[in-house]
Amino acid sequence: QVQLVESGGGLVQAGGSLRVSCAASVNLAMAWFRQALGKEREFVAAISRSGVNTYYADSVKGRFTISRDNTGNTVYLQMNSLRPEDTAVYYCAASFGFGLPRHINEYNYWGQGTQVTVSS
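An account of the accompanying structure is given in this report. Because the structure is a prediction, the values reported are computed rather than measured.

Brief notes about the pattern of salt bridges
And step 1. A complete count under the given rule lists 4 salt bridges for this structure.
And step 2. Here glutamate 42 makes a salt bridge to arginine 34, at a shortest N to O gap of 2.7 Å.
And step 3. A salt bridge links lysine 61 to aspartate 58; the nearest nitrogen and oxygen atoms lie 3.0 Å apart.
And step 4. The class for aspartate 58 is exposed, based on a relative accessible area of 65%.
And step 5. Among the charged side chains, a network of salt bridges with common partners joins Arg34, Glu42, Arg63 and Asp86.

Some points on the side chain of arginine 68
And step 1. As for its position among the elements, arginine 68 is in strand β7 (residues 64-68).
And step 2. Comment: no salt bridge for buried arginine 68; closest opposite-charge side chain is aspartate 69, at 6.2 Å.
And step 3. Here the side chain of arginine 68 touches asparagine 27 through a polar contact of 3.1 Å, side chain to side chain.
And step 4. Here leucine 28 takes part through its backbone oxygen, which lies 2.9 Å from a polar atom of the side chain of arginine 68.

So, the sheet that holds β7
And step 1. Across the sheet, which stays open at both edges, the 4 strands sit in the order β1-β3-β8-β7 with antiparallel pairing between neighbours. Both outer strands of the open sheet, β1 (4-7) and β7, are each paired with one neighbouring strand and no more. Between one strand axis and the next, the sheet turns through 15 degrees on average, direction left out of account.
And step 2. Pairing between β7 and strand β8 (residues 74-79): 5 bridges, direction antiparallel. By the bridge assignment for β8, arginine 68 is matched with valine 75.

Concerning the pairing of strand β3 (residues 18-24)
And step 1. Burial runs high along β3: 5 of the 7 residues are buried.
And step 2. Pairing of β1 with β3 involves 4 bridges; the strand directions are antiparallel. In the strand pairing of β3, valine 5 is matched with alanine 23.
And step 3. In the sheet, β3 pairs with β8 via 6 bridges, with the strands oriented antiparallel. When the sheet's bridge partners are listed, cysteine 22 is paired in β8 with valine 75.

Structural notes on the layout of surface pockets
And step 1. In this structure, the largest pocket encloses a volume near 150 Å³.
And step 2. Counted by class, the lining of the largest pocket contains 4 nonpolar, 4 polar and 1 charged residues.

Remarks on the environment of tyrosine 76
And step 1. In this fold, tyrosine 76 is placed in strand β8.
And step 2. For tyrosine 76, the contacting residues outside a window of four places in its chain are Arg19, Val20, Ser21, Trp32, Thr65, Ile66, Ser67, Arg68 and Asp69.

Basis of the calculations
- Residues numbered from 1 in each chain as written.
- Predicted model: local features only at pLDDT ≥ 70, side-chain atom pairs only at ≥ 80, totals over all residues.
- Heavy atoms only, no water.
- Salt bridge = Lys/Arg side-chain N within 4 Å of Asp/Glu carboxyl O.
- Buried < 20%, exposed > 50% of the residue type's maximum accessible area, 1.4 Å probe, protein only.
- Helix = DSSP H or I, 4+ residues; strand = E, 2+ residues; numbered from the N terminus.
- Lys, Arg positive; Asp, Glu negative; His and termini not counted.
- Polar contact = N/O pair within 3.5 Å; in protein donor to acceptor, adjacent residues only side chain to side chain.
- Pairing = 2+ DSSP bridges.
- Axes fitted to C-alpha atoms, helices over the stretch in contact; angles between N-to-C directions.
- 1 Å grid on protein atoms, 1.4 Å probe; cavity = no way out; pocket = protein on both sides within 12 Å on 5 of 7 lines; lining within 4 Å.
- Points joined across faces, edges and corners; volume = space filled by probe spheres on them.
- Nonpolar A, V, L, I, M, F, W, Y, C, P; charged D, E, K, R; others polar.
- Contact = heavy atoms within 4.5 Å.

That is the geometry; function is a separate question.
And the structure:
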C-alpha cells in the first residue's frame, strides 16, 4: 500500500513563502497538483525518482521549486512570491512511470491534500 501524507499548508500574505511537504512510503516519481475553488485540478510540478529531473507548469516557473530529501521518500514544494491565484488545495501524487508524467491519469496514488491560502 502506497501512502502519501501532505503537510505544511496554511495562510500566507501575497509575496510571502510557504513550503509544503509530502511524506511517501515508497520512492517514486512524484508531482504536485492543485485545485482551486471552482476549478479543475491542474499540474504544478514533477520530480523524477532520482530527483535529478524536474518540470514546472508555466504559471509557477521561477517561483516554485520541487525537491526531495536524501532518502527520496519526502518531496517538497517551496513556494515563493505567492499570489492570491495560487490559493488552492495542493495534492501530492506518485507514479510508477518513467520520466515526468504531467497528467492526472498518469498518477495512481494521491495524498489527502493540504490547503494553501494566499491573502491579498
